[in-house]
Each structure stands twice: as structure tokens, then as C-alpha cells.
Amino acid sequence: MRSRRLQADAIDRALRRDAIFESAVDFAIVVCDQAGVITDWNRGAECTMGWSAAEMIGQTTHRFYTLEDRANGRVESEMSNALRDGSAPDERWHLRKDGSPFWASGELMPLRDDNGVHQGFVKILRDRTNQRVVGERLRVSEERFRTLLEAVETAFAIVEVRFDADDRPVNYRFLEANAAFTQQAGVDLRGKWVTEYAPDLEPFWFETYGRVAKTGEPANFENYANTFDRWFDVRAMRIGDPAERQIAIFFNDVTARRRLEEQRVELTHEMVHRMKNILAMVQSIATQTFRTASSVEEARDAVSGRISALARAQDILTETQWRAAPIRDVLQAALAPHRDTGTNRFTFQGPNIELTSEQSLGLSLGMHELATNAAKYGALSTAAGHVSICWSCDMEGGFRLVWQETGGPAVAPRQRQGFGSRLVERLVANYFAGTAELLFQPEGVKFVLTGQVEVSMSATQAKPRLGVEIRPDMRKRS
């Protein structure tokens, strides 16, 4: 009686197994012996691969493997791995009856009897071709997108914004970033919270990114980040699930452009300021000249000469971009019109000093006045006359320049002080924050200027240069 019951139970279990085996149409279940010869082939296998059970029972499992896998011994290695490890994964391309490939996802397991004796193998797999194709397309798309992001010069990052208990943005973390981000930001922040690098970052950045993450409204702006010492042109937009509070950021470092714009504005203001100063100087020269001149012709010649002296000084300053001008260049330019009074008429001696733009203009006018007077009445009016111009500078910038005429007619005492004399003594001295004295000595006119200049160590220690030449480029300016 008990024996019959056990037998009936065994039959029921077998029937249930058979029912399950045949009803699992979404799963291909293939049973084979130890040599890989198929002994069972369910309806799921027929639906997946196209062969019927009658066609496949007695065949080996090699039949639905690709030619490459057969040649590489894939069937045998799977069975060996399954015996060793208890199962062997099967994630690869297989073949259908019509020769078309499909992506199988499953595993191979050993079959053992109740005593643990190895009887064969069972392979269970599903057709995952669609998922594989979609996944492959997604992978290719992601690779293409990432390659594009790494290649472009625009910086890109995905940011997670953190909010406090009051829903205020207090931090953000860089989940992803391309190479341009690291280059333009000057630091690799991937995986880090921004406050780890910039604890004093301006609230503007948290507020702006927090607003984008909360509302989904994109933001476009240019702003300066003090911590990074850079200007950024930024576009931020929310991505993904709004609950994740993530945003994508595209930005470019526009520091160079912004600084150029600032320089352009500064240069424009500086140019306007200088133009006003020059026009005021020209106006003053013209007014004072006409006021003291004895005739219109005399005034015209004086004004023309003085404005020409200004123009030559302007040429020197333009070459140095109005930063500073070498004193020797200023002197040679101012005295260039008097080259025809004879050769070797001037001697220059002094260190290499650079003058400010205002000092260059003032000294140029002063030298023009002195040279013009010397050509009319002093050392340059005779063949034997000579002018020596010497200057010196101490370590603190104390400056002294001496104009000394010799070999000219005897000098008479000054009868009156004209505009030219006032220009030499007062205007020039003001630019050097010092004093000037014009001495009418019998042996020749002497001009002494003392004041301050901005000087480097190299200038004060430079050996004095002696020279008489008027450079060809200076001649052309006249």
C-alpha cells in the first residue's frame, strides 16, 4: 500500500515537472547528457530557436552555438566550468534555425541523481536580443556623447545640489565633468563638494544653481568667482528626476575677454584724460605765447615750434605705449630740429632713466625752449658753441639735470621773463615735483632742474653714456 502511494507521488512529481518544463515558453530549457547530446527540448526552446524537439533531440548543443564558439571549444569549457563551479554563465550570441543570431542570457548547470552522480546538464536561457541591441545603442550613444564632451572646449559638469532643512541650497557636488572643466576651473572636482575646495564661495552660485534645481528654469549668466579668480559664462539646466536635484552646467572661462574689455574701458578713459591734458597744454601755450609775443609772426613761429616739440614727445610715448620713455630718447627727439646748427654740438651724459609720460612732455617742451633760445642768441648761434646735458639719479630717485651752454656769445643779464622762461622754470619743475633755475651766466646759459623720478636699481647703477649723435629716426620726426 505504501509502495503504491510512493509510486503515485513520484508520478505526480514527474507530471508536474513535465508541465512546468513545457509551460515555460519564455525560457528555453535544454537538457543534455554528459557528452552534450540533447535529451530534452521544451516549447520555450522551440519558440526561441525555431527547432522542434524532434529535430534537436539526439543532436549536440553545438548546433545553436556560433561557428566561432564551436571552433574555440566554448561548449566544452562551459560544461567544465559548470562541473567545477556549480554553474556557468551563458551571456553571448547564439544561432536560430534560420541562421540568424540572438543574444542569449542564461546559465548551464550540472544534473545529478539522488545519489549525487553526474547525469548531464541543463541549460536555461532567454532571448535578450532587444535589450542587448538597445543597450548597445545606448552604450554607443553614451560613448559618442562622452567623446564629444571630452573633445569640445566648453566645460561641462553634472551637479547635485544639496539643500538644508529649510530647503535652502547650501552646497553642490560634481558628479561628472569633462576635461575642459578641469582645465578651465583649474582644479579636478569630480566627486567632491564644492565647499571642500572653496569654503568661502560666493552665495550667488548656491542660490542660482539651487533655483535651477528646484524650479527647472534654466539660467544663463556671466559671473566672477573670487575663489577661482576667473570670469565664467554659464548655462545651467535641470536634468533627470526633479527629486534628485541635479543640474547640467555648461560654461566657458571668459576671463581673458572680460579683462580685455576692462582694459579697453580703462584705455579709453586714459586716452580721454590725456587728450584733455594735451589740449589744455596747447591752449595754455597758445594763450601765453600770443600774450607775450611782439608780433603775430613771432607768436605763430613760437606756437608752431612748441607744438612740434609736444608732437615729438608724443611719438616717443606712443612707441612705449605711454608707460614710460627713456630720457635719452626724449632729449634727442626734442633737440632733433637743431641738428643743422652744426655737428657734435650736443653732449649727453647720464644713466638710463625712464620718465613718466607727463615728465617726458614737460622736459621735451623745456629742451625745445632752451634749444630755440640757444639757436637765436646762445651757444648754437655760433660755430664753436656747444651744449652739454648731464643728469644723475640717486638710489631714492632724486634727480638732477644740468643744461650748460659754452662757446657762444657773451650772455647779457636777463632783462625780462618771457613765457618761454616761465615755461622752462615753472612748468618743467612741476612735472618733476622739484625746482628749476635758469641762470644767465656770462660764459653761457645754464639750466638746473632738480626733482624726483621713478627709478630702478639698474638705472642708478648704469654707467653714464656719452653721446653726440642725433639718431636718424629722430631726424625723420622733425
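Computed from a predicted structure; not experimentally measured.

S.K.: Which parts of the structure should I look at to understand the overall build of the protein?
M.R.: A tally of regular secondary structure across the protein gives 16 helices and 18 strands. Counting over 478 residues, the protein shows a buried share of 40%. For the protein, contacts bridging at least 24 residues in sequence account for 55% of all contacts bridging at least 6. Accessible surface, the protein as shown: approximately 26400 Å² in total, 51% of it carbon and sulfur.

S.K.: Explanation requested: the sheet that holds strand β9 (residues 230-239) in the structure shown.
M.R.: Across a sheet, paired strands are connected by hydrogen bonds in the backbone, their directions being either parallel or antiparallel. Taking strand neighbours across the sheet as the criterion, the five strands line up as β7-β6-β10-β9-β8 in an open arrangement whose pairing is antiparallel. Both outer strands of the open sheet, β7 (169-177) and β8 (219-225), are each paired with one neighbouring strand and no more. Between one strand and the next, the sheet's axes are offset by a mean angle of 35°, whatever the strand orientation.

S.K.: Would you take a moment to explain the sheet that holds strand β1 (residues 28-33) for this structure?
M.R.: Read across the open sheet, the five strands follow the order β2-β1-β5-β4-β3; overall the sheet is antiparallel. Whereas interior strands pair on both sides, the edge strands pair on one side only; in this sheet they are β2 (38-41) and β3 (88-95). On average, each strand axis in the sheet is inclined to that of its neighbour by 25°, with strand direction left out of account. Note: β1 against β2, three bridges, orientation antiparallel. In the sheet register, Val30 faces β2, and the bridge partner there is Trp41. Seen against the sheet, helix α5 (residues 74-85) touches β3, β4 (101-112) and β5 (118-127) and runs at an angle of roughly 160° to β3.

S.K.: Sorry if this is basic, but what is going on with the packing of helix α12 (residues 327-335) against helix α13 (residues 357-376) here?
M.R.: A pair of packed helices is captured by two measures, namely the crossing angle of their axes and the spacing between those axes. With their axes 9 Å apart at the nearest point, α12 and α13 run at an angle of 40° to one another. Accordingly, the angle class assigned to the pair α12 and α13 is oblique. Remark: the crossing between α12 and α13 carries right-handed chirality. Residues Ile327, Val330, Leu331, Ala334 and Leu335 of α12 pack against Ser360, Leu363, Ser364, Met367 and Ala371 of α13.

S.K.: Explain unusual backbone geometry to me, please; I cannot follow it from the model alone.
M.R.: Apart from glycine, the bulk of residues carry a negative phi angle, and the bulk of peptide bonds sit in the trans form. Located in the positive-phi region is Asp167, a residue other than glycine, with phi close to 60°. Within the secondary structure layout, Asp167 lies in the loop between β6 (155-163) and β7. The class of Asp167 is partly exposed, set by a relative accessible area of 33%. Phi is positive for Ala433, which is not a glycine, with a value near 50°.

S.K.: Sorry, what's going on with the packing of aromatic side chains here?
M.R.: Two measures describe an aromatic ring pair: the distance that separates the ring centres and the angle between the ring planes. All chains considered together, the criterion is met by 19 aromatic pairs. Centre to centre, the rings of Trp41 and Trp51 are 6.5 Å apart; their planes meet at 75°, and the pair counts as edge-to-face. Taken together, the positions of Trp41 in strand β2 and Trp51 in the loop between α2 (43-49) and α3 (53-56) put the pair 10 residues apart, joining distant regions of the chain. By relative accessible area, Trp41 is classed as buried at 3%. For Trp51, a relative accessible area of 5% corresponds to the buried category. The structure contains a cluster of three or more aromatic residues connected by ring pairs, namely Tyr172, Phe174, Phe181, Phe204, Trp205, Phe206, Tyr209, Phe221, Phe232 and Phe251. Positioned over the ring face of Phe27 is Arg126, at 4.7 Å from the centre of the ring. Residue placement shows Arg258 over the ring face of Trp231; its charged tip is 3.6 Å from the ring centre.

S.K.: What is the right way to look at the side chain of Gln246 in this model?
M.R.: The topology assignment puts Gln246 in strand β10 (residues 246-253). In this structure Gln246 comes out as buried when scored by relative accessible area, which is 18%. Residue contacts for Gln246: discarding those within four places in its chain leaves Ile158, Val159, Glu160, Leu175, Arg238 and Ile239.

S.K.: Mind showing me how you'd approach α13 here?
M.R.: In an α-helix, one turn spans 3.6 residues; hence positions three or four apart end up facing the same way. Taking 1.5 Å as the rise per residue, α13 with 20 residues should run 28 Å; its terminal C-alpha atoms sit 29 Å apart, in good agreement. Within α13, 15 of the 20 residues are buried, which leaves the element mostly enclosed by the surrounding structure.

S.K.: Just checking my understanding: could you explain the nonpolar core for this structure?
M.R.: Side chains of nonpolar character tend, in soluble globular proteins, to be buried together. Core analysis: the largest hydrophobic core is formed by 34 residues, its most contacted members being Leu363, Met367, Ile389, Leu401, Trp403 and Leu449. Put simply, the parts of the chain that give this core at least two residues each are α12, β12 (346-350), α13, β14 (386-393), β15 (398-406), α14 (419-431), β16 (435-441) and β17 (444-452). Judged by nonpolar contacts, the second largest core, of 31 residues, contains Val159, Phe181, Trp205 and Ile249.

Here is what the cut-offs are and how they apply
- Counting starts from 1 at the beginning of each chain's written sequence and moves along it residue by residue.
- Where local features are concerned, this predicted model is filtered to residues with pLDDT of at least 70; where side-chain atom pairs are given and counted, the filter is 80 or more; whole-chain, interface and lining totals use all residues.
- Heavy atoms throughout the structure, all of them, feed into the side-chain values; hydrogens and water do not.
- Helical segments are the DSSP runs of H or I of at least four residues, strand segments are the runs of E of at least two, and each set is numbered from the N terminus.
- Exposure classes here rest on a 1.4 Å probe applied to the protein chains alone. A residue is buried below 20% of its type maximum, exposed above 50%, and partly exposed in between.
- In this analysis, two residues are considered to be in contact whenever any of their non-hydrogen atoms come within 4.5 Å of each other.
- The protein chains shown are the only cover counted for residues, whose accessible areas, like all others here, come from Shrake-Rupley with a 1.4 Å probe.
- A pair of strands counts as paired when DSSP detects no fewer than two bridges linking them.
- Every angle, taken between N-to-C directions, lies between 0 and 180 degrees, and every axis is a line fitted to C-alpha atoms, over only the stretch in contact when it is a helix.
- Roughly parallel means an angle under 35 degrees; roughly antiparallel, over 145; roughly perpendicular, 65 to 115; everything else is oblique.
- Crossings are classed by handedness, with left-handed meaning an anticlockwise turn of the near helix from the far one by less than a right angle and right-handed meaning a clockwise turn.
- Only rings of Phe, Tyr and Trp enter the pairing, Trp through its six-membered ring, and a pair is recorded when the two centres are within 6.5 Å. The plane angle decides the type: under 30 degrees is stacked, over 60 is edge-to-face, the rest tilted.
- A ring is scored as having a charge over it whenever the NZ atom of a lysine or the CZ atom of an arginine sits within 6 Å of its centre and within 35 degrees of its normal.
- Helix span, as expected, comes to 1.5 Å for every residue beyond the first.
- Side-chain atoms within 4.5 Å are what join buried Ala, Val, Leu, Ile, Met, Phe, Trp, Tyr and Cys residues into a set we call a nonpolar core.

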